[in-house]
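Take a look at the letters that make up each chain.
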Amino acid sequence: MKRRYRLNTHHYPILEDTEILHSNSKKLTIALLKKSFRNDEQSPKRLFIISDGSLETLEALRTQLKELEEFKNKSFKIITSDNQERERETINNFAKGIIDFDVLMSTSVLSIGIRLNGLFDMTVVDTSNNPERIWTDNEVMQMMTRDADCPIVIWQQPRYEKLPNLPINWKIPEPADWKNVSQQEWENISKKIEIIYKPKRKLKEKNSFTNLFERNPITNLYEPKQYSIIKRTVKQHNWSIENRTHIIANTKAHAERLGVKKWYDLEETRALLDERELREIKLTPPKYIQEELNKKLLGKLEHDADSLAKLNEILEDLRIDTKSQHLTAKQLSQWDSKGYIDNECRHKELHSAISNPSELNQLALELLQLGKDYGKMKILTDAQFKQSEVFKEYFDGDNFARFQRLAQDSFGLYEPKKLQTQLDALRWSGELLRKFNYYPQLKTEAQTNPNSERKNLYQQAKKEHSAQFNKWAKANRTEGKQIRYDDWLWFMLNDKELREFKFKPLTRKYIQTFPHLEIQEHTRRFNAHVV
Amino acid sequence: MNKRHLNIDFKKLQKGQHIFTAPQSCNKSGSLESLAGEDVLLICARNSLLAQLKDRMPQTIQMLHYEMNLDGSKSYFSKDDIANSRATGHGCNYSSLYKYSNFADKERKFRFAIVDEPILLWAHSTGYKPSWKNESEYLARLIHTPVVIYLGADFPPHILEEIEEIGEMRGEPCIYKENEPYAPEFEIAKDKRYYQDLYIDDDYSYAEPDEDLDELLGWR
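Residues numbered from 1 in each chain as written. Chains lettered and ligands numbered in written order. Predicted model: local features only at pLDDT ≥ 70, side-chain atom pairs only at ≥ 80, totals over all residues.

Visitor: For this particular structure, what's the right way to read the interface of chain B and chain A?
Guide: One frequent convention defines the size of an interface as the accessible area lost when the parts assemble. Facing 56 residues of chain B, the contacting portion of chain A comprises 42 residues. Counting residues per element, the ones that place at least two in the side of chain B that touches chain A are β1 (16–21), α1 (47–56), α3 (118–127), α4 (132–144), α5 (157–169), α7 (192–198) and β9 (200–201) of chain B. The biggest single contributor to the side of chain B that touches chain A is α1 of chain B, with seven residues. Classifying every residue of the side of chain B that touches chain A by side-chain character gives 26 nonpolar, 16 polar and 14 charged. As paired strands, strand β2 (residues 5–9) of chain A and β1 of chain B are joined by five bridges and run parallel to one another. By the bridge assignment, Leu 7 of chain A is partnered in β1 of chain B with Ile 19 of chain B. (Contact = placed C-beta atoms within 7 Å. Helix = DSSP H or I, 4+ residues; strand = E, 2+ residues; numbered from the N terminus. Nonpolar A, V, L, I, M, F, W, Y, C, P; charged D, E, K, R; others polar. Pairing = 2+ DSSP bridges.)

Laid out in structure tokens, this is it:
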């Protein structure tokens, strides 16, 4: 086969004087920087950091570096897409070897085409900010070789066992023959492309569909409108997945092809430091992260990808699962919990079947047993709770004051101090369970029954278990008192023998229209301290 | 050992598609200096790359699809601005290529079309706002510009495959007017020198380059 192009290949071992160190966390990277920049007063070193994070990510890192003795006197410059045009002269000077600061921090805007050769003593390539956007080895290498003469490159990239299960990482089936694609194959490709690329474009464009396909009014067939882009999209997409799946191995192989002097695998990089040096690095989330957590909890940053990326950066550093880009309030609550280690210990103890549990442990267990299992959560309605033996034993009269003081002394659980409002008992129970690593959410009447749906549901739900209800009502008839369906429900839910009874869908829905406590379990996050 | 910095004289390239693959910082893009004053269209996926190349080689890339205002904002040129410009060397982002689509009497024609870092462009054209108006112009330029040059550090197989397909389509008469008309495929094949330049065996693709041509191009 003849080629219709001329391919000229030039081989040069561009990395022959470069050592590349693989790091998997900011903590490890900073420890390496700290060690390398120690005592460089006589011959000050320069650092280049290129990151796939946002401006805020870089600013946070700058703040963290500034707190270190080794960097407190260094001058910093940050270049992003927002200021790169204003900094054009500065950037042009790099090619001439002119630089008047010690640390250059940049987003991926400087990842290609910009010459920085010979300017820096160390380069940090940080591609850990967005688990959804894993780079290909070619892109990573572009960043690594921006200063092709830099002797040491630290590459901060987490190890993923596999790509996150997200549409962007789903392969698109290629047709057997691109020159003869069937109608069915076009439809399959089209659907897949829309699924994969729609969420990506939703934020930027009103019309989020790709418009790569349209119905032909003459033939009435669904036809490709932009054949070349469709084919390129499929091939580029599938190639990218293949490449990114083994990103670390591919990048290492790429570096070896370019003659890298030495490649340090993660374990080898760690061996360069001792435990003490790692422990010295204290990464505290910056204040703005705390503020953004609060905003996030209020739902203000639901669609702000940059903020989520920042949050993920911190979570990643704390070794919390970052596979999900969209953090839930539950995940944030767990992250925000200062006493999470104690909570996890209590949780372990609670379920370890010890023979003589404390009174608070006993109460927590009984509360959990009282909750009706709804799959991923338990639900404890206020009405049911108030009629239960547990309530009478622990919350009636002076009993609550005693347990409140006990929880205060044992767990530091201060609020609510008294049972003043209708839901205070449930609220306090939720806070108690939080101390056992559960995630409680109190749902008020306004949240559970906003459109008075309960009234409409009553008769429908009642029909689902009318036989059982009527039988029970007949047996428990009391003079002058009307027996309602609710009474039967609370009885069933509170009875130790009957609480496993399976209610039908409308009844389950009806129960949820009452103010209640939702109880979910947190996953463990012990690894937060481990590098 | 190879010399690191290349000094390629692109002006000497003949009709056809030419791929130059070399590691970063080997002066691939810097060699565009050899095209100073020529009719050049440089296509990139990043404005920052365009701006950098224009700053480095103002004689080759004389205008971009936008210009900077004093306050640091950008003003984008219209189709008419581009059609009426006196600049011979143009640089344009893939996403603004539609501005080069124009009526035949107003169309800017170039002898050289250069795609810098195709790997970025391939990702950009598929991952960010695919648009037929840009894509059609892109393909038209690659198919009908006499000399097409791809500069990159890496060319994954699917990119080479697409370049191959574009090569097949280039077997038609070119609309570019020059002293020697663009010859159909069978006529080109008669010219041995041209044949060698344009067609390469599979086995040869990554083998040592042709010595004569290497010398001609300034390769070491």
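Next comes the rest of the description.
Visitor: What is the right way to read the pairing of strand β7 (residues 122–126) of chain A from this model?
Guide: The two faces of a sheet get side chains in turn, since along a regular strand they alternate between them. All names here are of chain A. With five of its five residues buried, β7 lies for the most part within the structure. Of the strand pairs in this sheet, β7 and strand β8 (residues 152–156) are connected by five bridges, and their pairing is parallel. Each bridged residue has a counterpart across the sheet, and for Asp 126 the counterpart in β8 is Gln 156. (Buried ≥ 20, exposed ≤ 12 C-beta atoms within 10 Å, placed from the backbone.)

Visitor: Would you explain the packing of helix α20 (residues 453–464) of chain A against helix α23 (residues 505–512) of chain A in this entry?
Guide: A pair of packed helices is characterised by two quantities: the angle between their axes and the separation of those axes. Residues and elements named next belong to chain A. The contact between α20 and α23 brings their axes to 8 Å, and the two run at 145 degrees. The way α20 lies across α23 gives a crossing that is left-handed. For the pair α20 and α23, contact is made by Arg 454, Leu 457, Tyr 458, Gln 460, Ala 461 and Glu 464 and by Leu 506, Thr 507, Lys 509 and Tyr 510, respectively. Class assignment for the residues of the contact of α20 with α23 results in five nonpolar, two polar and three charged. (Axes fitted to C-alpha atoms, helices over the stretch in contact; angles between N-to-C directions. Left-handed = near helix turned anticlockwise from the far one by under 90°.)

Visitor: Would you mind showing me how to read the sheet that holds strand β12 (residues 372–373) of chain A here?
Guide: The strands making up a sheet are joined through hydrogen bonds of the backbone, oriented either antiparallel or parallel. All names here are of chain A. Strand order in this open sheet of four strands is β12-β13-β15-β14, and the pairing throughout is antiparallel. The open sheet has two free edges, formed respectively by β12 and β14 (438–443), since each of these has just one partner strand. Where strand β13 (residues 378–381) lies against strand β15 (residues 516–521), four bridges are found, and the strand directions are antiparallel. By the bridge assignment for β15, Thr 381 is matched with His 516. The strands touched by helix α18 (residues 424–434) within the sheet are β14 and β15, with β14 carrying the most contacts at an inclination of about 165 degrees.

Visitor: Just to check I follow, could you spell out the environment of Phe 403 of chain A for this structure?
Guide: Residues and elements named next belong to chain A. Mapped onto the elements of the fold, Phe 403 is located in helix α17 (residues 399–411). Taking C-alpha positions, Phe 403 is 9.4 Å from Leu 363, a pair spaced 40 residues apart along the chain. Filtering out sequence-adjacent residues up to four positions away, Phe 403 remains in contact with Leu 363 and Tyr 394.

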